[in-house]
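# Structural overview for review
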Amino acid sequence: MSEEKRRLTRREAIRFYLLRIVLLGSFLALVARLWYIQIVRGPEYRDQAENNSLRVLSVKPLRGVIYDWNNQRVAINAPSFSVVARMIDLPRDEVESVARRLAALLEMPSLTIMERMNEGLQSPYLPTILKRDVPHHVALIIEEENPYLPGISAESRPVREYAGGDSVGHVLGYVGPIPHERTEFYLNRGYERDDQVGIAGIESIYETELHGDKGQRNVEVNAYGRTVRVLRETPSRPGKNLVLGLDLELQEAVTTMLHEGLVESGAPSGAVVAMDVASGAVRALVSLPGFDNNLFARSISQEDYARLANDPSRPLVNQTIAGLYPPASTFKLVSLAHWLENYNMDLDMEFTCHGQLTLPGGWSFGCWKRSGHGSLNAYEGLVRSCDVFFYSLVGGSPYTKFEGIGPEALAQAATSCGFGQATGIDLPGEQDGLMPTPERKQRVKNEPWFQGDSYNTAIGQGDVLSTPLQLANLSAAIANGGELMYPRVAAEIRGTDGKQVKSIEPRVARRLPYSAEVLSVIRNAMRDVVARGTAIRIASNPFGIAGKTGTAEYPGPRDEDGHLPTHALFTGFAPFDEPEIAFAVVLYGAGEGSQYAAPIADKLTRFYFESVRSARQ
Amino acid sequence: MIVVRKWKLYDYWLTAAAIVLGAVGIVLIRSATLIESEVSVDVMKQTAFLGMGVVILAIAPKLNYRWLGSLAWIGYGASVVMLLAVLIAGVSIGGSQRWFLIGPFSLQPSEFAKIALIVVLAHYFSAGPHRVEDIRYFFGSIVITAVPAFLVFREPDLGTTLMFLGIWGAMVFMAGVPFKYIIGVTVGLLCAVFLQLIRIKEYMWERITTFLDPTADPLGAGYNALQAQISVGAGELWGRGLFQGSQTQLEYLRVQHKDFVFAVLAEELGFVGSMLVLVLFAVLLMRATLIATSARDHFGQNIAVGVTTFIFLQTFVNVGMIIGLLPVTGIPLPFLSYGGSALITTFIGIGLLQSIAVHSRVKTYAMPPVFHVPARARLRLLPWKTQSAEESNRS
């Protein structure tokens with residue numbers, strides 16, 4: 001072992017000095033920086049730490065429940081889970097891996113998930129829905145996998161469930177995500193991007209009442225967005241409940257009847273309206289083919305939607321309010337009322353029907369009954385639905401000196417009976433229909449009005465178009481003594497405690513300009529239509545049904561006898577003595593109104609009085 | 001054997017600082033894994049590793065570090081083989097292949113390679129006279145360092161690669177290699193780094209760019225850096241209380257019990273707690289430099305310098321990264337971060353220092369003062385006060 005001692009060389013000594021200076025200097029830099037961050041800017045960072053973990057979450061209100069006339073629930077909130085992303089909690093570099101992990105769980109492509117997440121970046125603190133209505137076990141997995149799925153959570157978001165499925169789709173409509181073009185509208189009203197709103201039908205008209213008020217929850221969340229502690233909570237206020245005048249039982253029964261009628265006649269579509277004559281409350285409103293609104297409420301698939309949208313029989317269109325049909329012979333009610341009111345209840349004047357009417361120019365206008373009705377007055381003209389009589393009454397007869405009541409007067413009468421304008425029902429998408437006048441024809445088509453136009457209009461053909469609801473509403477007005485009501489699907493808005501908040505009072509839209517006597521005569525005539533007239537087929541109905549048939553020609557392929565195809569129509573009311581319910585039945589291209597439409601009205605009234613009405617007494 | 005004298009020369013300050021730091025680390029790991037409610041597996045593992053560290057410190061003075069001279073090349077060769085093996089058969093976690101799995105434990109060869117590198121470089125420069133001035137030995141040392149550094153870089157592990165280079169730089173400098181060599185190589189290295197930057201892995205680039213402004217993309221690459229800085233700042237003077245930091249407990253801070261454990265400390269124990277830990281590190285490093293200067297030979301001195309720089313660089317880079325002074329690199333904090341390989345490696349380093357300390361005074365002559373310490377500072381209890389040779393002789 002050497003005895004030599006080792007000395008540090010000068011060079012080494014200097015370097016060790018340097019080393020120590022570097023070490024201490026570096027530590028001083030760390031201390032200085034720590035001082036700056038923790039002491040100088042500490043309060044600022046503490047705020048940021050609190051902002052990180054303290055969140056204000058909104059608590060979605062439960063949507064109001066919809067009841068039918070019998071307090072049966074027709075729209076409820078079923079428990080369901082939606083998978084949502086809060087982008088603030090999802091670090092950007094983890095988006096892809098999280099999306100891939102979710103793709104397998106949610107059974108949707110990870111690209112779609114990433115697209116939705118991208119949209120979610122617009123409002124990173126708010127939940128962005130990735131998929132609605134996931135099965136419960138998937139929701140559980142998502143919650144368990146929380147550490148691997150930062151920012152992703154499964155939240156309870158009830159889905160709307162509708163009783164009645166296909167039969168109530170048109171009336172109730174459905175709820176869904178806010179449509180893009182309405183985003184701003186709803187955001188301005190305090191909605192959030194992930195809210196559901198009523199898209200169609202009653203759900204959309206009564207959105208304000210049904211939606212409710214959101215609540216607030218101040219919570220502490222962890223880095224993965226999961227709530228750790230609730231600090232304060234303002235509960236949400238559920239939406240108000242809605243009671244309809246619509247009767248689910250009747251609605252479903254009528255749907256079946258109409259469906260059978262369509263099958264029997266081979267018609268592609270049809271519509272039935274039944275309403276209370278006194279209040280205008282709609283008891284049934286059926287448009288076939290329909291759609292199951294549950295499909296929409298549970299976020300409809302692309303294929304299902306395409307199938308509905310491309311179906312030539314247009315299942316997405318509510319035919320009762322948006323289907324336009326020539327009123328045909330049902331329109332004779334207007335001519336008759338006008339005649340009686342303005343021509344001193346003249347039931348003496350008669351015209352003779354030879355099965356057709358020929359103008360001097362050689363134009364010939366046929367009556368549906370080729371053999372002719374013979375001589376008849378206005379009353380019989382309606383009961384037997386003689387076309388020639390009404391041609392003459394409106395357009396004048398070439399065989400007598402009678403000039404006719406004229407197209408302008410008829411148009412005015414029709415307008416006062418509700419034709420050519422929407423009834424104002426509480427449903428979106430209602431059509432006005434059309435009531436032609438000479439002035440309009442000149443303006444729109446740049447053609448003069450011919451006598452033939454008057455003839456066509458007289459029997460509700462030509463350019464006249466109406467909705468089934470307009471026909472039912474007119475029948476109701478005739479039945480209730482002349483008050484044209486605003487038809488109403490909803491009857492009452494209730495608080496969640498069950499107490500009535502507001503009943504939707506019946507409102508009169510206008511009074512028919514006809515005296516009680518005139519209306520009485522018309523009701524008698526409508527009764528006789530069933531008792532011994534064109535609708536004798538349903539004369540056996542025990543509930544005093546009264547109505548008017550219609551067979552509306554429309555442009556289409558003619559049959560082997562050269563006849564145009566026809567829609568089958570029937571409108572009326574029952575019972576005759578104390579009218580209670582008015583209805584209109586239309587079957588697209590089915591044929592004779594008496595053959596296809598009237599029997600449905602027959603079944604409808606039977607069902608109404610035997611089941612619905614008796615159950616309520 | 002003069003066992004008593006050996007224990008007299010044992011550096012208790014060094015051991016105390018190391019064990020206290022390790023214990024603080026366990027408390028912080030407990031805090032970071034509090035969500036698991038029961039004492040986590042990680043806490044138990046770390047405690048076991050700390051126990052092994054204490055055993056190493058107890059055994060170390062009985063072993064003469066000078067034996068390592070003959071084992072240096074074997075150790076170096078073994079570590080290179082391990083680094084090669086891990087590239088072939090290692091486990092890949094988070095896109096980086098750095099570990100062997102052995103039952104419930106994972107072994108990180110790059111940690112142990114640090115010790116092997118330190119020992120081989122120390123031996124390389126001290127095995128013959130005038131090697132430090134010889135440019136051939138200088139380049140030889142570059143090759144010795146480059147082999148493991150390259151293997152680690154391929155894992156990829158940029159942080160550890162830079163550690164290797166840092167250890168080499170400090171050891172070469174402290175061994176007395178002429179400045180001109182060092183400057184020349186530094187310039188060359190900078191050029192090489194610049195060229196590397198062009199084809200560097202994307203995540204490494206992100207770390208560099210987000211270091212410059214972590215708030216630019218808070219949900220993206222800057223997330224960890226930003227959350228770490230928020231955690232540290234939110235601690236303020238006294239901290240938010242142990243187990244009470246919202247950043248830590250609500251997991252805004254990621255990889256918190258590993259690379260970001262200092263942020264847990266700073267949040268929950270505040271500026272005061274951070275200072276205490278930094279002071280412990282400073283004490284430990286100062287003691288280490290004193291051991292280096294009092295080593296009986298260049299071999300020991302070089303090893304001590306290597307261990308000092310290894311601990312210092314990791315501490316500075318790790319803390320600097322957390323408080324936003326340096327870019328985010330995956331470097332654990334010595335003693336405190338969770339990780340068995342790292343903890344054991346660090347304690348082996350401290351054990352080497354103790355062995356050097358204990359074996360520095362076998363001679364009977366007085367060591368000349370290394371540098372002048374003012375008389376008023378020569379208080380026995382002060383940690384930077386070395387025991388003079390005379391005193392040790394007297395006893």
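Per chain, residues are indexed from 1 in the order of the written sequence. Both sets of labels track the order of writing: A upward for chains, 1 upward for ligands. Local features in this predicted model are restricted to residues of pLDDT 70 or higher, and side-chain atom pairs are both shown and tallied only at a pLDDT of 80 or more, whereas totals for entire chains, interfaces and linings draw on every residue.

### A short note on the overall build of chain B
In DSSP terms, a helix is any run of H or I states spanning at least four residues, a strand is any run of E spanning at least two, and both are numbered starting from the N terminus. In terms of helices and strands, chain B carries 15 helices and three strands. By definition, residues are in contact whenever their C-beta atoms, placed on the basis of the backbone, come within 7 Å of each other. Sequence-distant contacts in chain B: of pairs separated by 6 or more residues, those separated by 24 or more amount to 71%.

### A look at the overall build of chain A
Scanning chain A from terminus to terminus reveals 22 helices and 25 strands. Looking at the 617 residues of chain A, the share that counts as buried comes to 48%. A fraction of 73% describes how many contacts in chain A between residues 6 or more apart in sequence connect residues 24 or more apart. For the exposure call, what matters is how many other C-beta atoms sit within 10 Å of a residue's own: 20 or more marks it buried, 12 or fewer exposed, and in between partly exposed, using C-beta atoms placed from the backbone.

### Quick notes on the interface of chain A and chain B
Taken together, the contact pairs 42 residues of chain A with 46 residues of chain B. Where the side of chain A that touches chain B is concerned, the elements lending two or more residues are helix 1 (10-40) and helix 2 (42-53) of chain A. With 20 residues, helix 1 of chain A is the largest single contributor of residues to the side of chain A that touches chain B. Looking at the side of chain A that touches chain B residue by residue, the classes come out as 21 nonpolar, seven polar and 14 charged. Residue type decides the class: Asp, Glu, Lys and Arg count as charged, Ala, Val, Leu, Ile, Met, Phe, Trp, Tyr, Cys and Pro as nonpolar, and the leftover types, Gly among them, as polar.

### Points about the sheet that holds strand 10 (residues 215-221) of chain A
Within a sheet, each strand pairs with its neighbour through backbone hydrogen bonds, oriented either parallel or antiparallel. All names here are of chain A. Note: two strands are recorded as paired if DSSP finds a minimum of 2 bridges between them. Reading across from one edge, 1-10-11 is the order of the three strands in this open sheet, with antiparallel pairing throughout. The open sheet has two free edges, formed respectively by strand 1 (54-59) and strand 11 (227-234), since each of these has just one partner strand. Between one strand and the next, the sheet's axes are offset by a mean angle of 30 degrees, whatever the strand orientation. Sheet analysis places strand 10 next to strand 11, joined by six bridges and oriented antiparallel. Paired with Val 221 across the two strands is Thr 227, which belongs to strand 11. Here an angle of 0 to 180 degrees is reported between the N-to-C directions of two axes, which are lines fitted to C-alpha atoms, with helices fitted over the stretch in contact.

### A closer look at helix 10 (residues 248-265) of chain A
Residue and element names in this part refer to chain A. For helix 10, spanning 18 residues, the distance from its first C-alpha to its last is 25 Å, which sits close to the expected 26 Å at 1.5 Å a residue. Elements in contact with the buried residues of helix 10: strand 3 (73-78), strand 13 (270-276), strand 14 (282-288), strand 24 (566-574), strand 25 (581-587) and helix 22 (593-616). Note on helix 10: the residue one or two positions beyond its end, Gly 266, has a positive phi of about 75 degrees. One fewer than the residue count of a helix, multiplied by 1.5 Å, yields its expected span.

### Looking at the nonpolar core
By our criterion, buried Ala, Val, Leu, Ile, Met, Phe, Trp, Tyr and Cys residues that link up through C-beta atoms within 7 Å make up a nonpolar core. Judged by nonpolar contacts, the single largest core of 137 residues is most densely connected at A:Val272, A:Val273, A:Ala274, A:Phe583 and A:Ala597. Here this core takes nine residues from helix 22 of chain A, the largest share from any one element. Apart from residues lying up to four places away in sequence, A:Ala597 is in contact with A:Thr549, A:Ala568, A:Leu569, A:Phe570, A:Val585, A:Val586 and A:Leu587. Counting residues in each nonpolar core, the second largest holds 122 residues, with B:Met171, B:Tyr252, B:Leu253 and B:Val358 among its members.

### Some points on the environment of A:Ala615
Along the chain, A:Ala615 turns up in helix 22. For the pair A:Ala615 and A:Asn70, spaced 545 residues apart in sequence, the C-alpha separation works out to 9.3 Å.

### Some thoughts on helix 2 (residues 12-32) of chain B
Residue and element names in this part refer to chain B. Over its 21 residues, helix 2 extends 30 Å from the first C-alpha to the last, a length consistent with the 30 Å expected when each residue adds 1.5 Å. Among the residues making up helix 2, those that are buried are Leu 14, Thr 15, Ala 17, Ala 18, Leu 21, Gly 22, Gly 25, Leu 28, Ile 29, Arg 30, Ser 31 and Ala 32. In this structure, the buried residues of helix 2 make contact with helix 3 (41-59), helix 11 (246-249), helix 12 (261-294) and helix 14 (340-358).

### What to know about the pairing of strand 4 (residues 81-85) of chain A
Residues and elements named next belong to chain A. Extensive coverage of strand 4 is indicated by the burial of five of its five residues. Side-chain alternation along strand 4 places Phe 81, Val 83 and Ala 85 on one buried face and Ser 82 and Val 84 on a second face that is also buried. Note: strand 4 against strand 5 (residues 128-134), four bridges, orientation antiparallel. For Ala 85, the partnering residue across the bridge sits in strand 5 and is Thr 128. Both strand 4 and strand 6 (residues 152-156) contribute to a ladder of five bridges, which runs antiparallel. Bridge pairing links Val 84 to Ser 153 in strand 6.

### Quick notes on the packing of helix 2 of chain B against helix 12 of chain B
Residues and elements named next belong to chain B. For the pair helix 2 and helix 12, the least separation of the axes is 9 Å and the interaxial angle reads 160 degrees. Comparing their axes, helix 12 and helix 2 come out roughly antiparallel. Along this stretch, helix 2 crosses helix 12, giving a crossing that reads as left-handed. Taken together, the residues of helix 12 that come into contact with helix 2 (itself represented by Trp 13, Leu 14, Ala 17, Ala 18, Val 20, Leu 21, Val 24, Gly 25, Leu 28, Ile 29, Ser 31 and Ala 32) are Val 261, Val 264, Leu 265, Glu 268, Val 277, Leu 280, Val 283, Leu 284, Arg 287 and Ala 288. Counted by class, the contact of helix 2 with helix 12 contains 18 nonpolar, two polar and two charged residues. Relative orientations are named as follows: roughly parallel for angles under 35 degrees, roughly antiparallel for angles over 145 degrees, roughly perpendicular for angles from 65 to 115 degrees, and oblique for any other angle. Here a crossing is called left-handed whenever its near helix is offset anticlockwise from the far helix by less than a right angle, and right-handed whenever the offset is clockwise.

### What to know about unusual backbone geometry
Note the cis peptide between A:Ala574 and A:Pro575, where omega equals -10 degrees. Positionally, A:Pro575 belongs in the loop between strand 24 and strand 25. The omega angle of the peptide bond from B:Glu155 to B:Pro156 is -5 degrees, so this bond is cis rather than trans. With a phi angle near 60 degrees, A:Asn71 is a residue other than glycine that sits in the positive phi range. Position of A:Asn71 relative to the elements: it lies in the loop between strand 2 (66-67) and strand 3. Positioned with a positive phi, A:Ser385 is a non-glycine residue whose angle comes to about 55 degrees. Mapped onto the fold, A:Ser385 is located in the loop between helix 15 (378-383) and helix 16 (387-395).

### Concerning the sheet that holds strand 3 (residues 105-107) of chain B
Residues and elements named next belong to chain B. Taken in spatial order, the three strands of this open sheet run 1-2-3, and their pairing is antiparallel. Strand pairing shows two members of the sheet lacking a second neighbour, strand 1 (91-93) and strand 3, which therefore form its edges. Geometrically, the sheet is characterised by an average inter-axis angle of 50 degrees between neighbouring strands, direction not taken into account. Of the strand pairs in this sheet, strand 1 and strand 2 (residues 96-102) are connected by three bridges, and their pairing is antiparallel. Each residue of the ladder has a partner; that of Ile 93, found in strand 2, is Ser 96.

### Considering the packing of helix 7 (residues 158-175) of chain B against helix 13 (residues 298-322) of chain B
Residue and element names in this part refer to chain B. Relative to each other, helix 7 and helix 13 sit at 140 degrees, their axes nearing to 9 Å. The angle between the axes of helix 7 and helix 13 places the two elements in the oblique class. Every pair of crossing elements has a handedness; the one defined by helix 7 and helix 13 is right-handed. Residues Met 163, Gly 166, Ile 167, Ala 170, Met 171, Met 174 and Ala 175 of helix 7 form the contact with helix 13, whose participating residues are Asn 302, Val 305, Gly 306, Thr 309, Phe 310, Leu 313 and Gln 314. For the contact of helix 7 with helix 13, the per-class residue count stands at nine nonpolar, five polar and no charged.

### Some details on the pairing of strand 11 of chain A
For strand 11 of chain A, the buried fraction is low: zero of the eight residues fall into the buried class. Between strand 10 of chain A and strand 11 of chain A, which pair antiparallel one after the other, the connecting turn spans five residues, and A:Gly225 there sits at a positive phi close to 85 degrees.

### What about the environment of B:Val80?
Residue and element names in this part refer to chain B. Structurally, Val 80 is set in helix 4 (residues 68-89). On the basis of neighbour count, Val 80 is assigned to the partly exposed category, with 19 C-beta atoms found within 10 Å. When the C-alpha positions of Val 80 and Val 152 are compared, they lie 9.7 Å apart, and in sequence the two are 72 residues distant. Excluding residues that lie within four positions of it along the chain, Val 80 makes contacts with Val 147, Pro 148 and Leu 151.

### Overview of the confidence of the model for chain B
Residues and elements named next belong to chain B. Confidence of the predictor at the level of single residues is given by pLDDT, which spans 0 to 100. Per-residue pLDDT for chain B has a mean of 83; in total, 82% of the residues score no lower than 70. Counting interchain partners and residues more than four positions distant, the pLDDT-below-50 stretch residues 364-371 has 13 contacts. Note on residues 377-395: pLDDT is under 50 here. Beyond four places in sequence and across chains, it has 24 contacts. Of the two predicted TM-score estimates for the complex, the pTM is 0.68 and the ipTM is 0.86.

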